[in-house]
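Here's the letter readout for the chains.
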Amino acid sequence: MHNKGTGAFSLARDINSLWNGVYPYLARHIAEVYGRRGGAVMEAGPFCGVIHELARQGVGDTFSIASFPEQMRAYYAEQLEIHGQTDSITIIDTDPGLTGVDDASVDLLVFRGALFFPSLFTVDYRAVQRALKPAGCAFVGGGFGKYTPPGVISPIADRSRLLNLLIGKEEVTTDMIMRDLSENGIAGSSVITTEGGLWIIMRKEDEG
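Reference entry: report on the structure contained in this document. Here the structure is a predicted model, which is why all the values come from computation and not from measurement.

The subject of this paragraph is the environment of Ser17. As for its position among the elements, Ser17 is in helix 1 (residues 6–18). A relative accessible area of 30% means that Ser17 is categorised as partly exposed. In sequence terms Ser17 and Ile82 are 65 residues apart; their C-alpha atoms lie 11 Å from each other. Setting aside residues up to four positions removed in sequence, Ser17 forms contacts with Tyr75 and Gln79. A polar side-chain atom of Ser17 sits 3.0 Å from a polar atom in the side chain of Tyr75.

Below you can see the structure in the form of structure tokens.
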């Protein structure tokens, strides 16, 4: 993301805040896909925002933001203050390879914007899989989620689309994603869905 300068960070912050009204509904979708309560819940990257609502809805036991690039950290710390969650959500400094995240430490990993901004960063599918605990789930991709009503989407749709384009959003097809998943050897443990956006649902086999 460094090659876009500070403007990209400002745009990412703008779009994260623009989506505040979406997060309660998107969290419901993510929780449904996750399929259980409890566990370690993490949101990763420069487009974190739904983690606040996942914590509020009690989807997990512990919550963290895997923050990158480094310029996003101050924004995330500010958001924790605004949401009154400085004691309930931890910020971890990392990178697209999630090198700051321990192996098999996350039950639910949400990685929004991971597919669409190759000029900023490339999603490391193997790193996501590595971070998941056995029986863990990753929700990777982008979109409003299937429960967000039109009345919430309509007022922000144009602005959201513009910000995404300014950040460098590119069109991605399911065929492109399947090729990437196959090349990384995790196609068999992943499902692509276009319900409420374009998402990859990655699951890690329960070793037990």
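Before going further, it helps to examine the pattern of salt bridges. Tallied over the full model, the rule gives 10 salt bridges. Among the salt bridges present, the one from Glu43 reaches Arg112, with a minimum N-O distance of 3.1 Å. Taken together, the positions of Glu43 in strand 1 (residues 40–44) and Arg112 in strand 4 (residues 106–112) put the pair 69 residues apart, joining distant regions of the chain. We classify Glu43 as buried; its relative accessible area is 0%. Its relative accessible area of 7% is what places Arg112 among the buried residues. In this structure, the salt-bridge partner of Asp93 is Arg73, at a minimum N-O distance of 2.7 Å. On the criterion of sequence distance, the pair formed by Asp93 in strand 3 (residues 89–93) and Arg73 in helix 4 (residues 73–83) is long-range, its members being 20 residues apart.

As a further point, take the side chain of Ser190. Mapped onto the secondary structure, Ser190 falls in strand 6 (residues 190–193). The exposure class assigned to Ser190 is buried, which follows from its relative accessible area of 10%. A polar side-chain atom of Ser190 sits 2.8 Å from the main-chain carbonyl oxygen of Ile186. The residues touching Ser190, leaving out its near neighbours within four places in the chain, are Leu181, Ile200, Ile201 and Met202.

Estimates place the volume of the largest pocket at around 420 Å³. Elements with a contribution of two residues or more to the lining of the largest pocket: helix 1, strand 5 (132–142) and helix 6 (150–167). Top contributing element to the lining of the largest pocket by residue count: helix 6, with six residues. Each residue belonging to the lining of the largest pocket can be placed in one class, and the counts come to 11 nonpolar, eight polar and four charged. The calculated volume of the second largest pocket comes to roughly 280 Å³. Lining the second largest pocket are 18 residues; nearest its centre among them are Leu115, Pro118, Thr122, Tyr125 and Asp180. Across the lining of the second largest pocket, the residue classes break down as 11 nonpolar, two polar and five charged.

Once that is clear, we can look at the sheet that holds strand 1. One open sheet holds the seven strands; their spatial order is 3-2-1-4-5-7-6, and the pairing between them is mixed. Across the chains shown, the open sheet's two edge strands, defined by having one partner strand only, are strand 3 and strand 6. Each neighbouring strand pair of the sheet contributes to a mean axis angle of 20°, computed without reference to strand direction. Here three bridges tie strand 1 to strand 4, and the two strands are oriented parallel to one another. Each bridged residue has a counterpart across the sheet, and for Met42 the counterpart in strand 4 is Leu109. Strand contacts of helix 4: strand 2 (62–67) and strand 3, with the helix running at about 175° to strand 3, the strand carrying the most contacts. Contacts from helix 7 (residues 174–183) reach strand 6 and strand 7 (198–203) within the one sheet, and its direction differs from that of strand 6 by about 170°.

Calculation criteria
- Residues numbered from 1 in each chain as written.
- Predicted model: local features only at pLDDT ≥ 70, side-chain atom pairs only at ≥ 80, totals over all residues.
- Heavy atoms only, no water.
- Helix = DSSP H or I, 4+ residues; strand = E, 2+ residues; numbered from the N terminus.
- Buried < 20%, exposed > 50% of the residue type's maximum accessible area, 1.4 Å probe, protein only.
- Contact = heavy atoms within 4.5 Å.
- Polar contact = N/O pair within 3.5 Å; in protein donor to acceptor, adjacent residues only side chain to side chain.
- Salt bridge = Lys/Arg side-chain N within 4 Å of Asp/Glu carboxyl O.
- 1 Å grid on protein atoms, 1.4 Å probe; cavity = no way out; pocket = protein on both sides within 12 Å on 5 of 7 lines; lining within 4 Å.
- Points joined across faces, edges and corners; volume = space filled by probe spheres on them.
- Nonpolar A, V, L, I, M, F, W, Y, C, P; charged D, E, K, R; others polar.
- Pairing = 2+ DSSP bridges.
- Axes fitted to C-alpha atoms, helices over the stretch in contact; angles between N-to-C directions.

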